[in-house]
Amino acid sequence: METKSLSGAEVLIECLKEQNVEYIWGIPGGVTIPIYDALVDSGIKLILVRHEQGAMHAAEGYARATGRPGVVCVTSGPGATNTVTGLLNAYMDSAPVIVITGQTVTSMLGKDAFQEGDIFGMTLPVVKHSYLVKDANDLPRVMKEAFYIAQTGRPGPVHIDIPKDVATSPCTVPLNAEMDLPGYKPRDLEDFDREEVERIAGALRRSKRPVLYVGHGAVISNACSELMKLATTLHAPVVNTLLGKGAFPEDHELSLGMFGMHGTVYANKAVSECDLIFSIGGRWDDRITGKLSEFCVDAVKIHIDIDPAEINKIIRPDYYVIGDAKHVLRELNKHISRLDTDDWWRKIEKWRNKFPLKCSKKGGLKVPYIVDTLYRLTKGEAIIVTDVGQHQMWTAQFYKVHKNRSWISSGGAGTMGFGFPAALGAQFGRPNELVVAIVGDGGFQMTMSELATMMNNNLPVKIIVMENRYLGMVRQWQELFFDNRLSGVDLTGNPNFALIAKAYGCKSFRIRRNADVERTLKEAIEYKGPCLIWAELIKEDNVFPMVPAGAPLSKMIISPPKSAPTEIAAKPAKRRRKPRSEEK
Amino acid sequence: MNAKKNGNKELPKHTISIYVANKPGVLMRVAQVFARRGFNIDSLVVSESQDSRFSRMTIVSTGDAETLEQIIKQVSKLVDVLHAKDHSGEDVIEREYALFKVETPTEKRTEVLQIVEHFKGQTLDFGEDYLLIGISGATEKIDASFELFKKYGILEVVRSGKMLMARGREET
Ligand SMILES: Cc1ncc(C[n+]2csc(CCOP(=O)(O)OP(=O)(O)O)c2C)c(N)n1
């Protein structure tokens, strides 16, 4: 083989090519120059970002929009530490992201060399796996393993630390290395407990009030058609989590939309009163169960998950299958038939009619009306990427996602600053589709330097900046649970977002009143290039329904209180000196 | 159901055996799974296995059974871990080795040596006023000798930590 002449860096790039990597996001530095040098003629497109956090979220956005791993390459020390937030996000939301960091030369490891940082040690709790490569001859194997680990089983981020001398020294082994992973054996997709699947079918048959609970696992396994078959055959209601959006079309008559903290009333009521709840790739997160000891106490609980560690973690299911959602459901669908859910549906329809999600134009410009209009104009077909906060919850409520992998939001970590760069990544991955980033004024300012990345690559992303001049979600909690004592949430000093856009050569639109919404959104969507839509909202608006943190789903606050806000918060207010730690 | 905290109640001790690929960082990864859930590791023994590519860890830890179940699953999930098993309450062979340096004025020497003999220990070194004793056996036995030596004054103790092996041809 002529591999003899290749350096570690060149081999690294060859391995990436073998994995069909199209893009690498990153910023170079002293120790990664050899890798960046090898990239020059590689055919892989290097996307220079403005901050490593942006590279991470872009790679994750790409991964979640396409199902293929996103690759990041950054320098040692501060370059590497800037990826940690992105690693946490990818880890919590099970996204396949490969992070390559440069490192100081092996002879200097542990000697406080310039820009040395123990990134291997620092990232251990937020990676699915990681490597410190000390010999260029290990690179072909490590790269193969990294891509395999990131994508198989429950996906997750893999980190590879490469000292500079490893990148420059010759790699003398063939590229097609054998993997050496004696402790890693993701199951064969057809390998699951089929008898338990039949028992699940039996439990479903006995159910009068079933609910199908769709989580991110269903999205990742692309279980859409199986899920459709399951729901329509059973004639059972479907609820989804924030990250489960898209696996089952939310405009379908069987869909009750999102449940949990900011879920629809009818979804939460259905979950509260069901006699069977069936999680398909959902991990019973505290944001959706509310107070656990009161969650579905008498209901039969069923759980399908690819990750054995999710079984019994939060609840003890009556039936469970460890396996890939798509394959397990395909098997289950052989054993099911229509349930007698007519009474159940009568009840649900009553709730659906009585407590619809309301989006009114009264009281000034607000997020729900904007998102609802966007939904109508795009017919639910756009790829929606959000940041974190109130706008995220409203978007989740009002934008019914019709297609899988068309909703990207930071769920487990709740990372402000995620949305905009993630939208860029999604657009890289799906260049011919409409990508809309819906971000808050707070979160956008954390990563808006990627406007340069967007413009340089002419990515036609539409950014809607929801400007309420507050860190809105925190302000809402302070209003409801801390006697409206506002602390650290006032965004006075916001820039003029039209001028920010202009400074980067980006087209902008402005929405100041309800009357502007439809016309401006239409114009922006039809605009061929990148653009920023600056929506100047009324300052104070709250997301409802809301289940206060730690309360059961049945104690949901359905609509804005007519009385002074402190009154409805009578119970949580007692604890107001002890703030809850689980801030979003 | 809900992960209940046991308050101040005595929490059970668990002995967990973990078979891992001998890769750098594997000990940190395993230790982190315990630390993240507030579990203290009471003792830890790591050594190469019959195959030098793999190592055996025996960990003794204290905590509630539900969290431990999570810990074992999370440990098993680590890429470098081949398997992890809680052997608590099983009929397995358990051994520990301890070195004691005991205050032993001449007039007490016979008494202390009687204890050493009772526990089938060995005197490994001695001076005018101390004995250095080695004892092996099940953890309870080491604990019992510890209690007895305390009366004379223990200058130092070093314990190996518990090791364990499944009986018969069953894999540990
Ligand atoms: C990096 C980070 N810092 C802090 C928080 C806590 N937090 C959650 S929501 C929120 C407010 C977000 O404000 P904004 O981006 O303006 O969106 P809005 O809620 O107003 O829609 C904050 C500060 C977070 N989730 N992430």
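Residues numbered from 1 in each chain as written. Chains lettered and ligands numbered in written order. Predicted model: local features only at pLDDT ≥ 70, side-chain atom pairs only at ≥ 80, totals over all residues. Heavy atoms only, no water.

Caption draft 1: The interface of chain A and chain B, seen in detail. Between chain A and chain B, the residue contacts involve 26 residues of the former and 21 residues of the latter. Around 1,900 Å² of area is buried between chain A and chain B when both sides are counted, 53% of it from carbon and sulfur atoms. Where chain A packs against chain B, one counts 3 salt bridges. Note that D307 of chain A is salt-bridged to K77 of chain B, the shortest N-O span being 2.6 Å. Linking chain A with chain B are 7 residue pairs in polar contact (both at pLDDT 80 or more), by the criterion used here. When contributions to the side of chain A that touches chain B are tallied by element, the ones reaching two or more residues are helix 6 (119-123) and strand 5 (129-132) of chain A. In terms of residue class, the side of chain A that touches chain B is made up of 13 nonpolar, 6 polar and 7 charged. (Contact = heavy atoms within 4.5 Å. Buried area = accessible area lost by both parts, 1.4 Å probe. Salt bridge = Lys/Arg side-chain N within 4 Å of Asp/Glu carboxyl O. Polar contact = N/O pair within 3.5 Å; in protein donor to acceptor, adjacent residues only side chain to side chain. Helix = DSSP H or I, 4+ residues; strand = E, 2+ residues; numbered from the N terminus. Nonpolar A, V, L, I, M, F, W, Y, C, P; charged D, E, K, R; others polar.)

Caption draft 2: Quick look at the packing of helix 1 (residues 8-18) of chain A against helix 7 (residues 139-151) of chain A. All names here are of chain A. One can describe the packing of helix 1 onto helix 7 by two numbers: an axis separation of 9 Å at closest approach and a directional angle of 30 degrees. The handedness of the crossing between helix 1 and helix 7 comes out as right-handed. Contacts between helix 1 and helix 7 involve G8, V11, L12, C15 and L16 from the former and L139, P140, M143 and F147 from the latter. Of the residues contributing to the contact of helix 1 with helix 7, the split by class is 8 nonpolar, 1 polar and no charged. (Axes fitted to C-alpha atoms, helices over the stretch in contact; angles between N-to-C directions. Left-handed = near helix turned anticlockwise from the far one by under 90°.)

Caption draft 3: Spatial organisation of the domain arrangement of chain B. Residues and elements named next belong to chain B. As far as domains go, chain B holds domain 1 (3-86) and domain 2 (92-165). The gap between the C-alpha centroids of domain 1 and domain 2 is 28 Å. Every contact between the two is made by 7 residues of domain 1 and, on the other side, 6 residues of domain 2. When the area that domain 1 buries against domain 2 is broken down by residue, the three leading residues are T15, V45 and T58, summing to 67%. (Domains from an automatic or database assignment.)

Caption draft 4: Geometry of the domain arrangement of chain A. Residue and element names in this part refer to chain A. Domain assignment breaks chain A into domain 1 (6-171), domain 2 (194-354) and domain 3 (367-543). Each of domain 1 and domain 2 has a C-alpha centre, and these two points are 37 Å apart. Tallying the contact residues gives 7 residues for domain 1 and 7 residues for domain 2. Both sides of the domain 1 and domain 2 interface together cover about 570 Å² of buried area, and 55% of this is carbon and sulfur. Considering only the surface of domain 1 that becomes buried against domain 2, R64, D93 and R154 emerge as the three largest contributors, covering 65% of it. Linking domain 1 to domain 2 there are 2 salt bridges. Applying the counting rule to domain 1 against domain 2 returns 3 residue pairs in polar contact (both at pLDDT 80 or more). When grouped by side-chain class, the residues that make up the side of domain 1 that touches domain 2 number 2 nonpolar, 2 polar and 3 charged.

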